[in-house]
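# Coordinates in review
Residues per chain, in single letters:
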Amino acid sequence: MAPASAAVRSRAVVVGGGFVGLATALHLQRAGRHVTLLEAGPDVGGRHSASNGNAGTFAFYANVPVQRPGLWKEAPGMILSRTGALRLVPDPHLLRMAPWAAGALASCAPAEVRKTSLALGALLRLAEDGYQDAWAHAGVDVDAPMGAYAPTPASRADAFAARTGYILLQRDVASPGAAAAAALRREGLGPGLKMEALDGSGVRELEPLLSERATRGGAWWFEDGWFLRHPEALLRAMRDGFAARGGEVRCEAAGAARAVRAGDVPGDGGSVVRVTTADGAHLDARTVVIAAGAHSAALAEQCGDRVPLDTERGYSVQWASGDAFVCENERGGSIGASMPLRPTPVLTRPVCSSEGGFIVTPMAGGVRAAGLVELGGLRAGPVASRFEQLDAETHALFAPRDAHRSTNPKSETGTGASPFPLGARDRERDWLGFRPTLPDALPVIGPSSRVPGVLYAFGHQHIGWTLGGITGRLVADLATGKAPEVDLAPFSARRFRGKPWWPYA
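The structure contained in this document is the topic of the report that follows. A quick note: this is a predicted structure, and the numbers were derived from the prediction, not measured.

Tallying each qualifying case throughout the model produces 18 aromatic pairs. On the basis of an interplanar angle of 90 degrees and a centroid distance of 5.7 Å, the ring pair of Trp-226 and Trp-465 is categorised as edge-to-face. Linking Trp-226 in strand 9 (residues 226-228) with Trp-465 in helix 14 (residues 464-479), this pair joins segments that are 239 residues apart in sequence. Each member of the pair, Trp-226 as well as Trp-465, carries the same accessibility label: buried. The structure contains a cluster of three or more aromatic residues connected by ring pairs, namely Phe-19, Phe-58, Tyr-131, Trp-135, Trp-226 and Trp-465. Residue placement shows Arg-163 over the ring face of Trp-226; its charged tip is 4.5 Å from the ring centre. Lying over the aromatic face of Tyr-504, Arg-306 brings its terminal NZ or CZ to 4.3 Å of the ring centre.

See below:
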């Protein structure tokens, strides 16, 4: 049998066009591979993508997982509450989630939480640096204006990134639980982490329109926090940079990988992998990366690894930019003072309600609230009440507009002034996405157990945008024979073997 051609030997195929897949494709391309990016949706970064409707926060501080000691006591109340951050969708898929749920509860043990925090910390310390070469290769400067990628003409001069910090509201920032989580952050992220405890007045000094009730427990303030003004804009810029340097993008049926297996043609010094797409095409490559987010499990199983991958369904809602300002006088006084008035943003940085499980971010197209956790798989449609819940809880963060008045006093519905500064919601932007999640809150990064040349890069839960760059760099290092700069043992697909709650390995 003849060896693989030079074209096949130099080809890499990346399955999945979100932040993780795009960053991986760019790193592989930079390393000299001819890369084909497969995206099952109609376009890279479209509304179907989990990378599209998120809160946009670059969460370098997010090494402490949702799993925590004692969560098993709280979970039933959260699930049964009509306004809980965690809910179940009545769907047959819940029965298949039983092992995942058992594993998630097992991961709440203190030793497991610490192990996860340290492993995530090793990735997060390199998170932004992991993007730099990929962005430079794509010709993208996140601190430069979005230009044609901006969602509105008014935001074309805005940079992709806004470096204004991040506020993590707490029920009680001085409590032992908050202190324990802070200690894990510092241990996992190192002495360079800037994290300051604020009381309620300190929070409102940064964000004056937040209510006293919402801020009474104080917050953690991350001075170095930053966010994207529009995640889709960066996705499109990365995609175009990849294509401009010879990368191939295939979408829909041509980009939906249905099978991944060892190829029939041997390579020189390594086997070839064959990817079969939904339209019947075959792609042979030296390297195939499975980075399809919540849709990765079936492909990984074909490659010898049955992993407990599932999804934490998340929602986002958005308010139009015209309602994202209030008027204050130049001294910051209330409406009614006989002084010149100027528009002031409702928010200048992301604010996370840790109790509510969502983040509010001042996006280029308006204010966006994203979050909540819903278990129920990929097939069930959105639950309308979750959009309304996110809307109501976001409004509850803000003080009523008794001291502030909108520059647009009429709501979109024509019912008069809203009592809150957000105004009317843009319901056409209501969004449901599928976060790929594993029971221990760690992604899978590393080689397949059975098919040489197949590498995994999925399961990043709430921080896929943040970890896309370093994941891509690690995968490219593995593909080109370099030693990875992070110990990948905690992220192995084989780590679930032998777990009593996972009988399928």
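Let's shift gears to the packing of helix 2 (residues 19-30) against helix 7 (residues 127-138). Where helix 2 meets helix 7, the axes come as close as 9 Å, and the angle between the chain directions of the two elements is 70 degrees. What the angle tells us is that helix 2 and helix 7 run roughly perpendicular. Of the residues in helix 7, those touching helix 2 at Phe-19, Ala-23, Leu-26, His-27, Gln-29 and Arg-30 are Gly-130, Tyr-131, Asp-133, Ala-134, His-137 and Ala-138.

Our focus in this paragraph is the nonpolar core. Counting 71 residues, the largest nonpolar core has Trp-135, Leu-234, Met-238 and Trp-465 as its most contacted members. When residues no more than four places from it in sequence are discounted, the contact partners of Met-238 are Phe-19, Leu-22, Ala-23, Leu-26, Tyr-131, Trp-135, Ala-138 and Val-140.

Right, let's get into helix 5 (residues 98-106). Buried within helix 5 we find Pro-99, Trp-100, Gly-103 and Ala-104. Seen end-on, helix 5 carries its buried residues on one side only, within an arc spanning 140 degrees. Those residues of helix 5 that are buried are in contact with helix 4 (93-96), strand 15 (310-320), strand 20 (366-375) and strand 22 (431-437).

Okay, unusual backbone geometry next. Of all residues except glycine, most have a negative phi; of all peptide bonds, most are trans. Within the chain, Leu-372 stands out as a residue other than glycine whose phi angle is a positive 70 degrees. Here Leu-372 is to be found in strand 20. Non-glycine residue Gln-461 carries a positive phi angle of around 55 degrees. Note on placement: Gln-461 falls in the loop between strand 24 (454-458) and helix 14.

About the thresholds
Residues numbered from 1 in each chain as written. Predicted model: local features only at pLDDT ≥ 70, side-chain atom pairs only at ≥ 80, totals over all residues. Heavy atoms only, no water. Phe/Tyr/Trp six-rings, centres within 6.5 Å; stacked < 30°, edge-to-face > 60°. Helix = DSSP H or I, 4+ residues; strand = E, 2+ residues; numbered from the N terminus. Buried < 20%, exposed > 50% of the residue type's maximum accessible area, 1.4 Å probe, protein only. Lys NZ or Arg CZ within 6 Å of the ring centre and 35° of its normal. Axes fitted to C-alpha atoms, helices over the stretch in contact; angles between N-to-C directions. Parallel < 35°, antiparallel > 145°, perpendicular 65-115°, else oblique. Contact = heavy atoms within 4.5 Å. Core = buried A, V, L, I, M, F, W, Y, C linked by side-chain atoms within 4.5 Å. Arc of directions from axis to C-beta.

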